[in-house]
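In case you want the letters, here they are:
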Amino acid sequence: HQHVDHAVRRVVVDVPSACPLRATDVQWAFEGLEIFDPSTGVVGPFVLTSSSDREMLAHYGSETSARRWRSITPVALPDEAKRRRIEPTRLREEAKPASERILEEKRAAAAIGAALRHAGLRNHIVDVAVQREPFEPRGSRAEVFAAGSRFVKEQLWHVEIELAEPARGLLQLGDGRFLGLGLMAPVPEVVGVFGFKIDTDSSLDAESLVRALRRAVMSRVQVAIGKRTLGPYFSGHEQDGTPAHAPHLAMHWDPVARRLLIFTPHALEHRSATRDERSWSSTLDLALDGFDDLRAGRVGRFGLQRCTISELAEYATRSKVWRSVRPYSVTRHRKVSSAEQAIIEDLILECARRGLPRPHVEVLAIRSQPGRGLEGDLRLEFASAVAGPIALGRTRYLGGGLFRQADRASSRDRG
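What you see is a predicted model; the values in this text were computed from it and never measured.

The next subject is the pairing of strand β16 (residues 373-387). Two strands pair when backbone bridges link them, and strand β13 (residues 318-324) and β16 are joined in this way by five bridges, in the antiparallel orientation. Pairing of Arg318 across the sheet is with Ala387, part of β16. In the sheet, strand β14 (residues 328-329) pairs with β16 via two bridges, with the strands oriented antiparallel. Directly across from Ser329, in β16, lies its bridge partner Glu375. Pairing of strand β15 (residues 360-369) with β16 involves nine bridges; the strand directions are antiparallel. What sits directly across from Val363, in β16, is Leu378.

Here you go:
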């Protein structure tokens, strides 16, 4: 729960297979154990009792595998990865420049690979982030855990890693992994959102790029399923070529982050996937494995790099304010007093159809083009935070009406 604290309520004792003591004997030794101060004889405020309930262990990945992990207790790294200590009385004089902080974080990130190997994992690291602040809302800073340990606070880092292959918990990293430090918890993956980064900085034709992505995805899925018919979930069309009325994949281009995105219907509609949709989503995931080259005709040929889980999480997070990064196209041009009023009313009705609360709509730009109808750049503000991804309007399945959190959206040309 978002308001829970991270106080220690359970202790896990891991007995390795090479231990000369039997696991039952170790359990007996800990059963009824009281903590006391040998110098004063004062008994601690708790007694250990064994429990057969394994529900809490599941929160730390004991029952499942995951690719993305976050530290609950900070990871203790070697001396070469620790931060430079600043004398508390000389905070201003010894303040670190940004370049030094970046170098410290790079050294710490490099040490995480060795920590994984020491923990018996050979998984390749896709992405890693280190910081002193906790990743969980009510966690504690890394320095707090130095008290009573043999590690100085400069050696402690909170860590988030993403692995190329899933790993199973309980996962503990670093030099303090036998002492309760470096305990990692899995972070759920973003279900129904797939993304690829493009290795170019030039301005791109968004519509042609999205259509090329759609053709490439259909081709790769067809290879994955063999001779079976490609259904409307992937193609967006019925067998007779007419547009599909059933939910299907949505393709998008984010010009701000320069990412190609694929949203499944249940992700866009913020609902649970049906049994068929879960199967189709798994097929899509398999088909996208190794997708690193996109040939987009006259637009060009692009190398692709699959987005990390943390990058995809930007589209599924919650926010009160959202801003379009691709133009919103009205589903129907209503006869009202002005074009601005028409686009506002259409957007409000579209939100209602998609199960979103009524937003306050600010029109940033508006235009009408032959063959495209009325479209505009919009800013939405909801009374309470809503979760993404958000893609609305007539062209929501093919690149239009994509929204991002307002603080992540750019005011530059949206391509």
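From this point, the discussion proceeds with the structure in view.
Evaluated as defined, the whole model comprises 29 salt bridges. Where Arg54 meets Glu63, a salt bridge forms, and the shortest distance between an N and an O atom there is 3.8 Å. The exposure class of Arg54 is partly exposed, given its relative accessible area of 48%. Judged by relative accessible area, Glu63 falls into the partly exposed class, the value being 42%. Between Lys96 and Glu104 there is a salt bridge, with its nearest N and O atoms 3.0 Å apart. For the pair formed by Lys96 and Glu104, the shared burial category is buried. The network of salt bridges with common partners includes Arg132, Glu133, Arg141 and Glu143.

With that out of the way, let us pick up the environment of Pro327. By the element assignment, Pro327 lies in the loop between β13 and β14. Overall, Pro327 belongs to the buried group, its relative accessible area being 8%. Each C-alpha atom, one on Pro327 and one on Ala365, is 9.2 Å from the other, the two residues being 38 residues apart in sequence.

Right, let's talk about the packing of aromatic side chains for a bit. Two aromatic rings, taken as a pair, are described by how far apart their centres are and by the angle between their planes. One pass over the structure, following the stated rule, counts four aromatic pairs. Plain terms: the ring middles of Tyr233 and Phe234 are 5.1 Å apart, the flat faces sit at 85° to each other, and that makes the pair edge-to-face. Pair check on accessibility: Tyr233 and Phe234 agree, each one buried. What links up through ring pairs into an aromatic cluster is the set Tyr233, Phe234 and Trp280. The residue whose ring lies beneath Arg83 is Trp157, and the NZ or CZ to ring-centre distance is 4.7 Å.

Counted under the stated rule, the structure contains three cavities of 30 Å³ or more. The computed volume of the largest cavity comes to approximately 80 Å³. Partitioned by chemical class, the residues of the lining of the largest cavity number eight nonpolar, one polar and three charged.

This part covers the sheet that holds strand β11 (residues 293-295). Read across the sheet, five strands follow the order β9-β10-β8-β12-β11 without closing on themselves; strand pairing throughout is antiparallel. What marks the edges here is a single partner per strand, and that holds for β9 (250-254) and β11. On average, each strand axis in the sheet is inclined to that of its neighbour by 30°, with strand direction left out of account. Sitting on the sheet, helix α4 (residues 206-225) is in contact with β8 (193-198), β9, β10 (259-263), β11 and β12 (301-306), with an inclination near 140° to β9. Where helix α7 (residues 275-288) meets the sheet, its contacts fall on β8, β10 and β12, and the angle it forms with β8 comes to roughly 20°.

So, how was this worked out
Residues numbered from 1 in each chain as written. Predicted model: local features only at pLDDT ≥ 70, side-chain atom pairs only at ≥ 80, totals over all residues. Heavy atoms only, no water. Pairing = 2+ DSSP bridges. Helix = DSSP H or I, 4+ residues; strand = E, 2+ residues; numbered from the N terminus. Salt bridge = Lys/Arg side-chain N within 4 Å of Asp/Glu carboxyl O. Buried < 20%, exposed > 50% of the residue type's maximum accessible area, 1.4 Å probe, protein only. Phe/Tyr/Trp six-rings, centres within 6.5 Å; stacked < 30°, edge-to-face > 60°. Lys NZ or Arg CZ within 6 Å of the ring centre and 35° of its normal. 1 Å grid on protein atoms, 1.4 Å probe; cavity = no way out; pocket = protein on both sides within 12 Å on 5 of 7 lines; lining within 4 Å. Points joined across faces, edges and corners; volume = space filled by probe spheres on them. Nonpolar A, V, L, I, M, F, W, Y, C, P; charged D, E, K, R; others polar. Axes fitted to C-alpha atoms, helices over the stretch in contact; angles between N-to-C directions. Contact = heavy atoms within 4.5 Å.

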